[in-house]
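# Reading the structure
Here's the letter readout for the chains.
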Amino acid sequence: MSSDGPDARTRAVVGVSGSPGSLAALHRAVREARRTGAELLAVLAWEPPGGELAHGRSMLTPPVSHLRRDAADRLLAVLDAAFGETGPGVPFQGLVVRGTAGRALVETADRPDDLLVIGAGPRGPLRALFPSVARYCVTHAACPVLTVPPSPLESELASLHRRISLGRTVDARELTEGGG
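First, a word on what this report is: a plain description of the structure on this page.

Conventions we followed
Position numbers for residues count from 1 along each chain, tracking the sequence in the order it is written. In keeping with the model being predicted, local features are shown solely for residues with a pLDDT of at least 70 and side-chain atom pairs are shown and tallied solely at 80 or more, while totals for entire chains, interfaces and linings include all residues. Each side-chain value is derived from all of the structure's non-hydrogen atoms; neither hydrogens nor water enter the calculation. The rule for pairing is simple: two strands pair if DSSP sees at least two bridges between them. Numbering of helices and strands starts at the N terminus; helices are DSSP runs of H or I of at least 4 residues and strands are runs of E of at least 2. Between N-to-C directions, angles cover 0 to 180 degrees, with each direction set by a line fitted to C-alpha atoms, over the stretch in contact for helices. Residue contacts are counted whenever heavy atoms from the two residues lie within 4.5 Å of one another. What makes a salt bridge here is a side-chain nitrogen of Lys or Arg within 4 Å of a carboxyl oxygen of Asp or Glu, nothing more. The cut-offs for exposure are 20% and 50% of the maximum accessible area for each residue type, with area from a 1.4 Å probe on protein chains only; residues under the lower value are buried, those over the upper are exposed, and the others partly exposed. Any angle from 65 to 115 degrees is called roughly perpendicular, while one under 35 is roughly parallel, one over 145 is roughly antiparallel, and all others are oblique. Working rule for handedness: look at the near helix, and if it is turned counterclockwise from the far one by less than a right angle, call the crossing left-handed; if clockwise, right-handed.

### Focus on the sheet that holds strand β4 (residues 115-119)
The strand order across the open sheet formed by five strands is β3-β2-β1-β4-β5, and the pairing between neighbours is parallel. Unpaired on one side and paired on the other, β3 (92-98) and β5 (145-148) mark the two borders of the sheet. On average, each strand axis in the sheet is tilted by 25° relative to the strand beside it, whichever way the strands run. Here helix α1 (residues 20-36) sits on the sheet and contacts β1 (11-15), β2 (39-46), β4 and β5; the angle it forms with β4, its principal contact strand, is near 150°.

The following block contains the structure:
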């Protein structure tokens, strides 16, 4: 239990974006919250299009209130897709935090007894070209970090999507177990 006061509760903080990896992390965070009696905090981080600097300099950007509302709508859609009307079955809050994903998650999971749950992100040669939220969180978090590896189905789905986008035919037998 946290030493932040009598009403403080252990928390499972999870980053959500709607990606398959974040949905896997969300479901894992629910299992951890259920197992430990923790409260679930589902965090969706957002930034203005083009980043903070571009937003401040552009005259054509939407108001911050609209961007925040859009982020809140995305969070609700992700939670609905993950749990439907029944919810996760544990006490939870949804939080929309302005900032980069890694920083928003680390600043939210700021108690030593929090558990920060994140999707490990895609694997492969291109991962070095993109900043890693998981790497940032593992490096900067003041609490334990649980990284959830991508599902093997995620890479199969990406491969199938590439084939379709290249106009290659896909035999439905390839999609079934033992097919092909």
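### With respect to the pattern of salt bridges
Summed over the entire model, instances satisfying the criterion amount to four salt bridges. A salt bridge links Glu32 to Arg35; its shortest N-O distance comes to 2.6 Å. Remark: Arg35 and Glu32 occur in helix α1; sequence separation between them is three residues, near one turn of the helix. Residue classification places Glu32 among the buried residues on the basis of a relative accessible area of 10%. Salt bridges here are not isolated pairs; linked through shared partners, they connect Arg11, Asp110 and Asp114.

### Description of the packing of α1 against helix α3 (residues 64-83)
Taken N-terminus to C-terminus, the directions of α1 and α3 make an angle of 65°; their axes are 11 Å apart at the nearest point. Regarding the angle of α1 to α3, the classification is roughly perpendicular. In this structure, α1 crosses over α3, and the sense of that crossing is right-handed. Here α1 contributes Leu23, Leu26, His27 and Val30 to the contact with α3, which in turn contributes Val78, Leu79, Ala82 and Phe83.

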